[in-house]
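What follows is the residue order along each chain.
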Amino acid sequence: MTESSPLQPSRTGDNPDTAPDDLAVPGVLSFNGIDPTGAGGLTGDALTVASVGAHLLPVGTGHWLRDSRETAAFLGLDDALVAEQARLVAEDMQLQVVKAGFLGSAENVAAVAAFAADYADLPVVAYMPDLTWWDEQDIDSYLDAFRSLLLPQTAVLVGNNSTLRHWLLPESSTRAQSSVTDLARAAAEWGVPFVLATGVSQADGQIGCVLASAKEELAALQVERIEARFLGAGDTLSAALAGLLACGTPLEEAALQAMQYLDQALDHGFHPGMGRALPDRLFWAQPDDEDDAGPADASTTESSFAGEASLRDLLISTHETKH
């Protein structure tokens, strides 16, 4: 079998009138819920992915019942419906990356994992949100399915440092200053080559975002803490990373750019309701303000890089863990 490039479509439609590749926009297929607040879910994914130059292919997994203050419930869609919608899109349109947001049920996790196995040449960016609002039994079954079925298919796992530690490394969940590589090693045991963790406390009182493998930190960004509490930050970061990878950006550079994008989206955040603030994913479209320093510049941002891992390197690492 001829190996396909990860930057080329894994499937193409049979329509002879299909536009040539040079007119195509990189596609990100996102499995996520519908968030009526616009904080996260497919709405946030669409705005973020478009902002970094890619096209979102949204596959709904259910609907939150929530406002900006609290989440009441999540009404999940049938796993067969989720699987069929993803299949129809994948057989018709060009895909470069898969994003797994909140899937809503263990059954939907299994459906997404099966899809990822069928399209193993596509990297999966998986986001694990805070689930403390959910029923304990639902949380346990969801995390068990995610761990055993989807993590082996995942190229980059994204989540808040505390959330990921309580899940994958509970014995160290209270050690805020411990290395993210410890967390990456725990994820690697389930087949995940890279972890992108937010909310990493820094010694100087700042807060960090770190991309790490089981061996080392690959990219990091330190920013000032923002006092406001946000909804949708993790979805924003994971969607930005997925979109940038789809556009062919090397992994470490994509991670750093996604961190910078999130930092600016939060810095320009707004309060549409009486609860948490929302990221402004279209901050770049706002009129210029002479008093505003503008988006972070990579040359002046505290960051660190190691190696030149590309999307192909990422895929090779993922396949080695699977086979």
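The structure under discussion appears in the preceding block.
My aim in this report is to walk through the structure given alongside it, one point at a time.

Reading the values: the criteria
- Residues numbered from 1 in each chain as written.
- Predicted model: local features only at pLDDT ≥ 70, side-chain atom pairs only at ≥ 80, totals over all residues.
- Heavy atoms only, no water.
- Helix = DSSP H or I, 4+ residues; strand = E, 2+ residues; numbered from the N terminus.
- Buried < 20%, exposed > 50% of the residue type's maximum accessible area, 1.4 Å probe, protein only.
- Contact = heavy atoms within 4.5 Å.
- Areas by Shrake-Rupley, 256 points an atom, 1.4 Å probe, with all protein chains shown as cover.
- Axes fitted to C-alpha atoms, helices over the stretch in contact; angles between N-to-C directions.
- Parallel < 35°, antiparallel > 145°, perpendicular 65-115°, else oblique.
- Left-handed = near helix turned anticlockwise from the far one by under 90°.
- Nonpolar A, V, L, I, M, F, W, Y, C, P; charged D, E, K, R; others polar.
- Polar contact = N/O pair within 3.5 Å; in protein donor to acceptor, adjacent residues only side chain to side chain.
- Core = buried A, V, L, I, M, F, W, Y, C linked by side-chain atoms within 4.5 Å.
- Salt bridge = Lys/Arg side-chain N within 4 Å of Asp/Glu carboxyl O.
- Pairing = 2+ DSSP bridges.
- Phe/Tyr/Trp six-rings, centres within 6.5 Å; stacked < 30°, edge-to-face > 60°.
- Lys NZ or Arg CZ within 6 Å of the ring centre and 35° of its normal.

Summing up its helical and strand segments, the protein has nine helices and nine strands in all. Sorting the 323 residues of the protein into buried and exposed places 50% on the buried side. Summarising the internal contacts of the protein: among those between residues at least 6 apart in sequence, 71% fall at separations of at least 24. Carbon and sulfur atoms form 51% of the exposed surface of the protein, whose accessible area is close to 14,800 Å².

Mapped onto the secondary structure, Ser213 falls in the loop between β8 (207–212) and β9 (217–223). Residues contacting Ser213, with those up to four places away along its chain left out, are Thr181, Ala184, Pro193, Phe194 and Leu218.

Our next topic: the packing of helix α7 (residues 233–246) against helix α8 (residues 251–267). Each pair of packed helices can be summarised by the angle the axes make with each other and by the distance between the axes. Direction vectors running N to C along α7 and α8 enclose 140°, while the axes themselves pass 8 Å from each other. In terms of orientation, α7 and α8 fall into the oblique class. Of the two possible hands of crossing, α7 and α8 adopt the one that is right-handed. Contacts between α7 and α8 involve Ala233, Thr236, Leu237, Ala240, Leu241, Leu244 and Leu245 on the former and, on the latter, Leu251, Ala254, Ala255, Gln257, Ala258, Met259, Tyr261, Leu262 and Leu266. Here the residues of the contact of α7 with α8 sort into 14 nonpolar, two polar and no charged.

Mapped onto the secondary structure, Asp118 falls in helix α3 (residues 106–118). Placed 31 residues apart in sequence, Asp118 and Arg87 show a C-alpha to C-alpha distance of 9.8 Å.

Bringing the side chain of Asp35 into the picture now. Within the fold, Asp35 resides in the loop between β1 (27–34) and α1 (41–51). By relative accessible area, Asp35 is classed as buried at 3%. Engagement of the side chain of Asp35 in a polar contact is seen with the side chain of Arg66, the distance being 3.1 Å.

Our focus in this paragraph is the nonpolar core. Ranked by internal contacts, the top residues of the largest apolar core, which has 52 residues, are Phe31, Leu103, Phe115, Tyr142, Phe146, Leu157 and Trp167. Setting aside residues up to four positions removed in sequence, Leu103 forms contacts with Phe31, Thr61, Asn108, Val109, Val112, Tyr142, Phe146 and Leu150. With 40 residues, the next largest nonpolar core counts Leu218, Ala219, Ala246 and Phe283 among its residues.

Turning next to the pattern of salt bridges. Counted according to the given criterion, the structure contains eight salt bridges. A salt bridge links Arg69 to Asp67; its shortest N-O distance comes to 3.1 Å. By relative accessible area, which is 54% here, Arg69 ends up exposed. Judged by relative accessible area, which is 26%, Asp67 ranks as partly exposed. Of the charged contacts in the structure, one is a salt bridge between Asp235 and Lys99, with a shortest N-O distance of 2.7 Å. Of this pair, Asp235 sits in helix α7 while Lys99 sits in strand β4 (residues 97–100); the two residues are 136 residues apart in sequence, bridging distant segments of the chain. There is no split in this pair, since Asp235 and Lys99 are both buried. Where salt bridges share partners, they join Asp45, Lys99 and Asp235 into one cluster.

Moving on, we get to the pairing of β9. β9 sits mainly inside the fold: five of its seven residues count as buried. Looking at chain direction, β8 and β9 are connected through six bridges and run antiparallel. Within β9, the position partnered with Val210 by the bridge is Ala220. Here β8 folds back onto β9 in antiparallel fashion, the turn holding four residues.

Glancing now at the packing of aromatic side chains. Two numbers describe a pair of aromatic rings. These are the distance of the centres and the angle of the planes. In this structure the tally under the stated criterion is 13 aromatic pairs. Measuring from ring centre to ring centre gives 5.8 Å for Tyr142 and Phe146, while their planes differ by 45°; the resulting arrangement is tilted. Taken together, the residues Tyr142 and Phe146, both in helix α4 (residues 136–150) and four residues apart, mark about one turn of the helix. Taken individually, Tyr142 and Phe146 each receive the classification buried, so the pair is uniform in this respect. Grouped by ring-pair contacts, the aromatic residues Trp64, Phe74, Phe102, Trp133, Trp134, Tyr142, Phe146 and Trp167 constitute a single cluster. Residue placement shows Arg66 over the ring face of Trp64; its charged tip is 5.1 Å from the ring centre. Over the aromatic face of Trp190 sits the side chain of Arg147, whose NZ or CZ is 5.7 Å from the ring centroid.

Of all the residues in helix α6 (residues 180–188), the buried ones are Val180, Thr181, Leu183, Ala184, Ala186 and Ala187. Against β6 (156–160), α5 (161–168), β7 (194–201), β8 and β9 lie the buried residues of α6.

The two faces of β4 match: Val97 and Lys99 on one face and Val98 and Ala100 on the other face are all buried. Taken together, the four bridges between β1 and β4 define a ladder with parallel strand orientation. Looking at β4, one finds that Phe31 is bridged to Ala100. For β4 and strand β5 (residues 124–128), the ladder comprises three bridges, and the chain directions are parallel. Pairing of Val98 across the sheet is with Val124, part of β5.

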